Amino acid sequence: GEAAVLFASNSEDRESLPIEDLGRENKSITIIEGGKFLDAFSKAWLLGWAGWLIYTDMVVRRELSISKGEPDLFMVYEEANIIFSGLEGGDPEMRTGPTVSEQQANMFRDARKYGSYFAVITQSPSLLPAGVVSSCQNMVINYLTSPKDKDVILAALPRSEKGFHDEPWRRFLSDMQIGMAIGRFPYTGR
């Protein structure tokens, strides 16, 4: 409620534009940056909220069939672990709705049917919510050293994240040369 009032467009101010309309008029690319001087919580809140707003608007427009001729939404989250896990504070017993990571996981799970696609860029895949990782079907993985990161990625590739015969894969992730990557692309078309 309060955030919607604070960030709502003002019809008297011709220079304001609702965040969900960014890039829609001229079908362009819009980059939303969290701000260099914001703390992690503020950056996570701002970018998480903006992503949720843009995605929710797309869902409503698709369900009401008012998005004819609009391109699909493609949203990239850089440093996604900060955005998706930076807002989990507070008393869990006092929480009445889904956490940020649960809400983001729901977005990722349902996005394709609404013509929305997400890309996640992170240096620490183990810090991403499990629901987000399991919804990422196409992947490009580079050099990893953290055992937790390797567990997440080997499970997602799919290679057994626990098993004697997969130890060569764990070592390979640590020994990859600069410029080398592993890719998985089951969803390359519609």
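Since we're looking at a predicted model, the values are computed, not measured.

What follows is about the overall build of the chain. Helix and strand counts for the chain stand at seven helices and four strands. Ordered by position from N to C terminus, the α and β elements of the chain give α-α-β-α-α-β-α-β-α-α-β. Buried residues in the chain amount to 31% of all 190 residues. For the chain, long-range pairs separated by at least 24 residues make up 61% of all intrachain contacts whose partners lie at least 6 apart in sequence. A total of about 12,600 Å² of accessible surface is found on the chain, and carbon and sulfur atoms cover 55% of it.

Counting 31 residues, the largest nonpolar core has Tyr55, Tyr77, Phe84, Phe108, Phe118, Ile141 and Leu173 as its most contacted members. Only helix H2 (40-63), strand E1 (73-78), helix H3 (80-85), helix H4 (100-110), helix H5 (130-135), strand E3 (139-141) and helix H6 (147-156) provide two or more residues apiece to this core. In terms of residues, this core owes the most to one element, H2, which gives five residues. If we ignore the near neighbours within four places in the chain, the residues touching Tyr77 are Leu47, Gly51, Ile83, Phe84, Gln104, Met107, Phe108, Phe118, Ala119, Val120 and Ile121.

Mapped onto the elements of the fold, Asp149 is located in helix H6. No salt bridge is formed by the buried Asp149. Its closest oppositely charged neighbour is Lys148, at 8.6 Å. Setting aside anything within four residues of it in sequence, one finds Asp149 in contact with Gln123, Ser124, Pro125, Ser126 and Leu144.

Phi is mostly negative for residues that are not glycine, and the peptide bonds are mostly trans. The backbone phi angle of Glu79 is positive, close to 55 degrees, even though this residue is not glycine. With respect to the element layout, Glu79 can be found in the loop between E1 and H3. What makes Glu79 partly exposed here is its relative accessible area of 32%.

Bringing the packing of aromatic side chains into the picture now. As enumerated under the stated definition, the model contains four aromatic pairs in all. Ring geometry for Tyr55 versus Phe118: centroids 5.7 Å apart, planes at 50 degrees, classification tilted. Pair noted here: Tyr55 is in helix H2 and Phe118 is in strand E2 (residues 116-121), with a separation of 63 residues, a long-range link. In this structure Phe118 comes out as buried when scored by relative accessible area, which is 15%. Of the aromatic side chains, those joined through ring pairs into one cluster are Tyr55, Tyr77, Phe108 and Phe118.

Counting across every chain of the model gives one salt bridge. Among the ionic pairs, Asp151 bridges to Arg170, the shortest N-O distance being 2.6 Å. Of this pair, Asp151 sits in helix H6 while Arg170 is found in helix H7 (residues 167-175), placing the two residues 19 residues apart along the sequence. Here the two residues Asp151 and Arg170 agree in accessibility, since each one is buried.

Next up on the list: a nonpolar patch on the surface. On the surface, Val60, Leu64 and Ile66 cluster together to form a nonpolar patch covering roughly 270 Å² of accessible area. Here Ile66 is to be found in the loop between H2 and E1. For Ile66, a relative accessible area of 46% gives the class partly exposed.

The next subject is the environment of Leu47. Structurally, Leu47 can be placed in helix H2. Using a relative accessible area of 14% as the deciding quantity, one classes Leu47 as buried. It is 9.4 Å that separates the C-alpha atoms of Leu47 and Phe84, two residues lying 37 residues apart in sequence.

How each quantity is defined
Position labels on residues start from 1 in each chain and follow its written sequence. Local features are withheld for residues below a pLDDT of 70 in this predicted model, meaning they are given only at 70 or higher, and side-chain atom pairs are given and counted only at 80 or more; totals for whole chains, interfaces and linings count all residues. Processing note: side-chain calculations cover all non-hydrogen atoms of the structure and skip hydrogens and water entirely. Strands are runs of DSSP state E lasting at least two residues, helices are runs of H or I lasting at least four, and both sets are numbered from the N terminus onward. Residue burial is assigned from relative accessible area. The probe radius is 1.4 Å, only protein chains are included, and a residue is buried under 20% of its type maximum, exposed over 50%, and partly exposed in between. Contact criterion: two residues are considered in contact whenever any of their non-hydrogen atoms come within 4.5 Å of each other. In these tables, accessible area is a Shrake-Rupley quantity obtained with a 1.4 Å probe, and a residue counts as shielded only by the protein chains included in the view. Working definition of a nonpolar core: buried Ala, Val, Leu, Ile, Met, Phe, Trp, Tyr and Cys residues. They are joined through side-chain atoms within 4.5 Å. Asp and Glu count as negative and Lys and Arg as positive, but His and the ends of the chain are not part of the count. Put simply, a salt bridge is a Lys or Arg side-chain nitrogen that is within 4 Å of an Asp or Glu carboxyl oxygen. Centres within 6.5 Å make a pair out of two Phe, Tyr or Trp rings, where for Trp the six-membered ring is used; the pair is then stacked when the planes are under 30 degrees apart, edge-to-face when over 60, and tilted otherwise. Patch membership requires over 30% relative accessible area and the absence of a salt bridge. Like charges are linked within 9 Å, and nonpolar side chains (Val, Leu, Ile, Met, Phe, Trp, Tyr) within 5 Å.

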